[in-house]
Amino acid sequence: MSDRETVLQRIRQRLKVSERAGAVDERLQQRPLGPVPARACGDAATLRERFVERAEAASAEVRQPPRGEPLPTTLADLVAGADGEIVTDEALRAEWRGGAGRAVCRRARPEDALAVSAALCGVAETGTLVLASGPGRPITAAFLPPVHVAAVDAADIVGGYEAAWERVRAAGAWPRAVTWITGPSRSADIEQTLNLGAHGPLRLIIVLRNGQEAFRE
Amino acid sequence: MEVTSAQFRASARRALGDERLQTALASIQKGFPGKRATALEALPEFAATSDHVTAVRDHVNAHLDVYLERFEAQVQAAGGQVHWAADADAAGRTIVDICRRAGARSVGKGKSMASEEVGLNEALAAAGLQVTETDLGEYILQLRGDHPSHIIAPAIHLRRDDVDTAFAGHHDAGVRSSSSEPAELQAEARRVLRERFASADVGITGANMLIAESGSSCIVTNEGNADLSQHLPRVHIVIAGIDKVVPTFEDASALLRLLARSATGQEITVYTTFSTGPARPDDSDGPAEYHVVLLDNGRSELLGGSLEAMLRCIRCGACMNHCPVYGAVGGHAYGWVYPGPMGAVLTPQMVGIERSADLPNASTFCGRCAEVCPVQIPLPELMRHWRERAAEQGVESAMVRYGLRTWAALARRPRLYRRCARLAAGCLRLLARGRGRLTRAPLALGWTQSRDLPAPARRGFIERWQAGER
Amino acid sequence: MTDALGPRPRIGLFATCLVDFFRPDVGFAAARLIERAGGEVIVAEPTCCGQPAWNSGHRREAADLARRVVAAFAGVDTLVVPSGSCAGMIARHYPELLDDDPVYAAPARDLAGRTRELAAWLSDDRGWRPEGVHFNGTVTQHDACAGLRELGVRDQPRALLRAVAGLTLSESVNCAECCGFGGTFCVKYPEISTRMVDDKIRGIVESGADTVVAGDLGCLLNIAGRLARAGHAIEARHFAEIVAGMAEGPGIGDSEASWR
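Keep in mind that what you see is a predicted model, and the values were worked out from it rather than measured.

**Section: the overall build of chain B**
Scanning chain B from terminus to terminus reveals 22 helices and twelve strands. C-alpha extents for chain B along the principal axes are approximately 90 × 55 × 45 Å. For chain B, the residues scored as buried account for 68% of the 470 residues in total. Relative to all contacts within chain B whose residues are 6 or more apart in sequence, the contacts with residues 24 or more apart total 72%. Per element, the accessible surface of chain B, about 15800 Å² overall, is 50% carbon and sulfur. For chain B, the separation between the mean place of its 54 positive charges and that of its 53 negative charges on side chains is 15 Å.

**Examining the side chain of A:Thr6**
Relative to the assigned elements, A:Thr6 resides in helix H1 (residues 3-15). Overall, the relative accessible area of 18% leaves A:Thr6 in the buried class. For A:Thr6, the residues in contact, after removing those within four places along its chain, are A:Met1 and B:Ala86.

**What to know about the side chain of B:His385**
Inspection of the secondary structure assignment puts B:His385 in helix H18 (residues 379-392). There is a polar contact of 2.9 Å between the side chain of B:His385 and the side chain of B:Ser306.

**Focus: the interface of chain A and chain B**
Between chain A and chain B, the residue contacts involve 78 residues of the former and 99 residues of the latter. On the chain A side of the interface with chain B, the three residues burying the most area are A:Arg176, A:Ile190 and A:His199, jointly 13% of the side's total. Taken together, chain A and chain B are joined by 14 salt bridges. In this structure, A:Arg39 and B:Glu267 form a salt bridge, with 2.9 Å as the shortest nitrogen-oxygen distance. Counting the contacts that link chain A with chain B gives 55 residue pairs in polar contact (both at pLDDT 80 or more). Among the secondary structure elements, those contributing two or more residues to the side of chain A that touches chain B are H1, helix H2 (21-30), helix H7 (161-170), strand E9 (177-181), strand E10 (186-187) and strand E11 (195-196) of chain A. Per element, the largest residue contribution to the side of chain A that touches chain B is ten residues, and it comes from H1(A). Tallied by class, residues from the side of chain A that touches chain B come to 38 nonpolar, 20 polar and 20 charged. Taken together, the five bridges between E9(A) and strand E9 (residues 271-275) of chain B define a ladder with antiparallel strand orientation.

**What about the sheet that holds strand E4 (residues 202-205) of chain B?**
Residues and elements named next belong to chain B. What the six strands build is an open sheet, ordered E1-E10-E7-E4-E2-E3; its pairing is parallel. Looking at the sheet topology across the chains shown, the edges are occupied by strand E1 (81-85) and strand E3 (130-133). Put simply, the sheet's adjacent strands are angled 20° from each other on average, direction ignored. Judged from the four bridges that link them, E4 and strand E7 (residues 235-241) form a sheet pairing that is parallel. Looking at the pairing, Gly-203 lines up with His-236 of E7.

**A few points about the nonpolar core**
Burial of nonpolar side chains together is a common tendency in soluble globular proteins. Judged by nonpolar contacts, the single largest core of 120 residues is most densely connected at B:Phe8, B:Phe274, B:Met310, B:Val329 and C:Ile192. Top element by residues in this core is helix H12 (residues 249-263) of chain B. It accounts for eight residues. Every residue in contact with B:Phe8, bar those within four places of it in the chain, is listed here: B:Val325, B:Val329, B:Ala333, B:Tyr334, B:Asp358, B:Leu359, B:Ala362, C:Tyr189 and C:Ile192. Counting residues in each nonpolar core, the second largest holds 42 residues, with A:Leu47, A:Ala119, B:Leu143 and B:Val270 among its members.

**Quick notes on the domain arrangement of chain B**
All names here are of chain B. Domain parsing of chain B yields domain 1 (1-38 + 330-396), domain 2 (43-300) and domain 3 (412-466). In this structure, domain 1 and domain 2 have C-alpha centres spaced 24 Å apart. Counting residues at the interface gives 21 residues for domain 1, matched by 33 residues for domain 2. Taking both sides of the interface into account, the surface hidden between domain 1 and domain 2 amounts to around 2300 Å²; carbon and sulfur atoms contribute 59%. On the domain 1 side of the interface with domain 2, the three residues burying the most area are Arg-20, Phe-32 and His-332, jointly 25% of the side's total. Counting the contacts that link domain 1 with domain 2 gives two salt bridges. When the shortest N-O distance is used, the salt bridge between Asp-161 and Arg-20 registers 3.2 Å. Inspection of the region where domain 1 meets domain 2 yields ten residue pairs in polar contact (both at pLDDT 80 or more). Within the residue set of the side of domain 1 that touches domain 2, elements represented by two or more residues are helix H2 (19-41) and helix H15 (340-351).

Cut-offs applied
- Residues numbered from 1 in each chain as written.
- Chains lettered and ligands numbered in written order.
- Predicted model: local features only at pLDDT ≥ 70, side-chain atom pairs only at ≥ 80, totals over all residues.
- Heavy atoms only, no water.
- Helix = DSSP H or I, 4+ residues; strand = E, 2+ residues; numbered from the N terminus.
- Buried < 20%, exposed > 50% of the residue type's maximum accessible area, 1.4 Å probe, protein only.
- Contact = heavy atoms within 4.5 Å.
- Areas by Shrake-Rupley, 256 points an atom, 1.4 Å probe, with all protein chains shown as cover.
- Lys, Arg positive; Asp, Glu negative; His and termini not counted.
- Charge placed at Lys NZ, Arg CZ, Asp CG, Glu CD.
- Polar contact = N/O pair within 3.5 Å; in protein donor to acceptor, adjacent residues only side chain to side chain.
- Buried area = accessible area lost by both parts, 1.4 Å probe.
- Salt bridge = Lys/Arg side-chain N within 4 Å of Asp/Glu carboxyl O.
- Nonpolar A, V, L, I, M, F, W, Y, C, P; charged D, E, K, R; others polar.
- Pairing = 2+ DSSP bridges.
- Axes fitted to C-alpha atoms, helices over the stretch in contact; angles between N-to-C directions.
- Core = buried A, V, L, I, M, F, W, Y, C linked by side-chain atoms within 4.5 Å.
- Domains from an automatic or database assignment.

Below, the structure is given as structure tokens:
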């Protein structure tokens, strides 16, 4: 008997029941919600404010540039300090043409100094960014470079995690990786002393923009 | 990993006398409980979410076979492979096989208690693979040949100079940090491990959840190491217990609202990643192969019995963070992979009660573990279950067995009991000589090692009441 | 007999083994409090609720003892227990322990529903407060685990103590942490138990209290025994002694005037 059959048989013997597929499939289709916290609710302005507040509480830096400002301008200080190529999403690459020509869309490498991603959405309840992998969207960009920038449009700030999943479901083909990011990487494994920049980025910069829904292009 | 749970008493005594360990342990009880309390206060819906997730976990456990089949089908539909492992050996063999077929030489590993449980590193090393633990705490332990003493803070028993010494013994002088400040040591590990991430052929991670609706694995970290282990290598292998399934992303979201708050007092961990199958044809990055190894190893035996609630466990560590016994002796005294109250329930299941009878017994049943458990596992009740099994199998000490039997026999015969009690009281009072307490007493066992024994009354309450005294 | 509140309820007093053997005054104090709060006291013979056997995994022995308690107190309106731990055993564990007993399952569930810890009964059920009771001293309360977590006993004894004239209540930061008694735990794992009671005592000393009270004699014997060994002059008492105005005698483990 294969391990698969062994395990399933053990479970069925212990549960002493047989056909319960109906209840399972019903639940998988209906996807009932649990309690959605009050902090995940509110109008757009409230959610935007909460997103910024929670993200900063998690040690992310939030920049809110004027409408229409291109990323190279908003990130001029970071670009000046970073040698080599800037790893970015295909959807953002157009913004880098002209002034800074070093923006490339490819998987990240250990030597990369700066990456700029487009977030699918931001979640107000905990200041969390939602990123998805895909064609033209290297997820490694969010983890290898010491400085990671994520652009998100104010229109893409949702209240809670459930609303974020609605966005992912609406975006089409299911991404291989969906990553929630809340602040820069950290560890407290040595003497419970919290230090930023464990293996992932030392800095997370969120560019919260108005009317530039790059991800949806 | 060798099971040393049978030496609990000796290990506990050693731990209590180990000043360095005691300093480290004190920081757990100072840190985690307060942070958890603050995080719970900031989420008024925590209790309602706990009720909801508890119900979801029970629902899944009652339909576990079906959920596993649905999960398997969805993994396959996304281009991944599912492997079933009935026990620890099967899990090790399966993972070694996947690595061999992929022609792998090096493995980068995220922190996984399931992998500790099956002794995966030993199996991989025996097959000639070079394994690097990438979680900072686990990496330090690997260099020291040590094991985790806490399920979410594996190196909690170490201090900065222990880490400094471990790094000095394994890192080239060129990458060494200039001091033993935690920030410096962390930066040193970062420098060393970046190359390992990039060069690993296979990444192995655990899973905090498996999502049935999509066949996804979910893993949370603060360091980002599990992400580097699953997005960079050619092959991603997930090892997860069969108890990790939840139905939907909505259910996962509710559970995640409990997990970090209960564990470290964070609202959410820095990284929460849901992986579904291998890279798609046009993806910019991601592994070419995605495998999930579903581990039973005694879990299915918990179903349908008085221990079933243990399968709700989300491995947050709140029970050990709040346990006064764990706080006194630390995780290693428990003698196997899972320490604290949850370990006192799981270890007997996985290694046998005859090798671990002290674990469920070494609790005052103070109930703090059950109070803080986000999925409402009645841990003292489950420990009592194991005490009953230990008593049935006669693995408890003869002293306890005969003591209790004598007591129970006496307590059923009131007149005999009163005569004996009066006799005992008389003897103890003679020994106390009017001081109201004894510094030594026959049959007081461990009591008078560190405590005086208050002297009994000359005549008992019942006797005096029956004699009309008021 | 009746009073303004209607017929006096028949209140069983479950004296507990430790009260019977070590501290009968707690039994007399509890009886006085039950009467003052309008109850008629019924004392019955069994003093062991079976908890030591139950917590050691000896279900059969525990069930034998539980049946005796259920039978002895079948006729009372309420069973009052001057111990959160024994009250918890009867109220929370008897139903499961005797669940498959054809005769005792229903009476056990019934008794469980009628069982109250002493302070909870006085304060919650009777709305009673001590009047004209004096105690000069600063008192800190240790919240015994079973009372606190199984029965929610926390504020009730404090409310009773606050109504005692001359008494100052001073909280310990670790009042809700286990003292390390744990029944057979303290003799099976004496070193761990000692470490826990030392932590407890540190909190008691820091509170500045001259008396520590609790609702469980097990904890009190443990705390008093360690306080004495460590040379602290802090008294340990059951809260009932103070609330009943019966705290003139020596504290737990302190010298008695007459000992023969």
